[in-house]
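Per-entry structural report
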Amino acid sequence: MRIKYLGTAAAEGIPALFCKCPTCMEARKRLGRDLRSRTQAMIDDTILIDWPADSYYHMMINNIHPEQIKTLLFTHIHEDHFYPLDLGNRKKGFAHIDGCDPLTIVGSMDILTEQLNNVVSSMQSEGTYHVEVKTVEQDGEPYVTVDGYTVWPIKAVHGTEHPLCYVIEKDGKALMYAHDTSEFLPETWEYIKKNIKHLDFVSLDCTEGRVPMSYKGHMNFERDFVFGEKLKELGIATDETIFCCNHFSHNGKVTYDEGVKIAGERNYLVSYDGMEVEF
Ligand SMILES: [Zn+2]
Ligand SMILES: [Zn+2]
Ligand SMILES: [Zn+2]
């Protein structure tokens, strides 16, 4: 299994629009891995996680053909993850993709917004480029994609009604994608204990970077380390499991190099736009 990080920032991006804080000023000087667009990731060229406004730019600079994506998973509907208007460019007349695979859009019931419903029904009424929407919840059945990935919806703790994290499994490999969330609720840990046997890769929310906070809805390096220990205690993660800190904000006050130093002490990786990890 392979994850490719297309965008690795929280809502404002790094540097943040309009911002002159030291982290943003430093990012404008350093460029490279210190420039972070809004969060999106791709699994094995077939599953996209989230569709922010930066998706167009991500598809272009990474030479990704989004018409080949079969499943689009939404974590939640904050604007750095959910920009359904652009999906309307998949409809007839805007795109010429006869014979391409259908796209299934998966998320909690929160994604059934007027905006998404309008976009999907306009695509469906054009008849050709089939799109369907599937809602999932932690206590329902896991979703199985057309190409055989099992997707477990996991309740996130974040500022929308039904935010989700996901565990994605195929051929004995499994990845946890845990953004945007705080530590899970006790019932969620129980659910994970019951259903998930092993994780090869864990991507954790690091919005608050090195700022010591107990903010509900996001985490920082310290809390990512505690989260990882909890997975190890449960026997779901081992010393072989790869952990990666992702979804950074300028308010977390950390450059890429500083992040690598902090995370490296615990053998965690730090994401950057374009980073790929195979496991
Ligand atoms: Zn976010
Ligand atoms: Zn800033
Ligand atoms: Zn959010």
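Please refer to the structure higher up on the page.
Presented here is a report on the structure given in the accompanying data block. (Residues numbered from 1 in each chain as written. Chains lettered and ligands numbered in written order. Predicted model: local features only at pLDDT ≥ 70, side-chain atom pairs only at ≥ 80, totals over all residues. Heavy atoms only, no water.)

1. As for the sheet that holds strand β14 (residues 276–278)
Strand order in the open sheet formed by seven strands is β6-β5-β4-β3-β2-β1-β14, with mixed pairing between adjacent strands. Edge positions in the sheet fall to β6 (131–135) and β14, since each of these pairs with one other strand and no more. The mean inter-strand angle of the sheet, taken between neighbouring strand axes irrespective of direction, is 20°. In the sheet, strand β1 (residues 2–7) pairs with strand β2 (residues 40–43) via four bridges, with the strands oriented antiparallel. Residue pairing across strands places K4 opposite M42, the latter belonging to β2. Against the sheet, helix α3 (residues 114–125) contacts β5 (103–107) and β6, and its axis sits at roughly 145° relative to β6. (Pairing = 2+ DSSP bridges. Helix = DSSP H or I, 4+ residues; strand = E, 2+ residues; numbered from the N terminus. Axes fitted to C-alpha atoms, helices over the stretch in contact; angles between N-to-C directions. Contact = heavy atoms within 4.5 Å.)

2. Points about the coordination of the zinc ion (ligand 1)
Protein ligation of the zinc ion (ligand 1) involves D80 (OD), H81 (NE2), D180 (OD) and H247 (NE2), the donor distances falling in the range 2.1 to 2.2 Å. Between the four donor atoms coordinating the zinc ion (ligand 1), the angles at the centre fall across 88 to 158°, so the site counts as irregular. All donors of the zinc ion (ligand 1) come from a single chain, and their spacing in sequence reads D-H-x98-D-x66-H. Here the zinc ion (ligand 1) and the zinc ion (ligand 3) are spaced 3.6 Å apart, with D180 acting as a shared donor. Placement of the pair is H81 in the loop between β4 (71–73) and β5 and D180 in the loop between β10 (173–178) and α4 (186–195), with a sequence separation of 99 residues. Accessibility expressed as a relative area gives 0% for H81, which makes it buried. In this structure D180 comes out as buried when scored by relative accessible area, which is 2%. (Donors = N, O, S within 2.8 Å, 3.2 Å for Na, K, Ca; no water. Tetrahedral: all angles 85-135°; square planar, octahedral: opposite > 155°, others 65-115°. Buried < 20%, exposed > 50% of the residue type's maximum accessible area, 1.4 Å probe, protein only.)

3. Points about the coordination of the zinc ion (ligand 3)
Of the protein atoms, only H76 (NE2), H78 (ND1), H158 (NE2) and D180 (OD) coordinate the zinc ion (ligand 3), at distances of 2.1 to 2.8 Å. The site at the zinc ion (ligand 3) holds four donor atoms, and with the angles between them running 90 to 168°, its shape is irregular. On the primary sequence, the residues serving as donors to the zinc ion (ligand 3) are separated as H-x1-H-x79-H-x21-D. Owing to a relative accessible area of 2%, H76 belongs among the buried residues under this scheme.

4. A few points about the nonpolar core
Formed by 58 residues in total, the largest nonpolar core has its most connected members in I3, I168, M176 and L231. Not counting residues within four places of it along the chain, the set of residues in contact with M176 comprises Y166, V167, F184, I192, L199, F201, V202, S203, F227 and L231. Counting residues in each nonpolar core, the second largest holds 19 residues, with L6, L48, I64 and M123 among its members. (Core = buried A, V, L, I, M, F, W, Y, C linked by side-chain atoms within 4.5 Å.)

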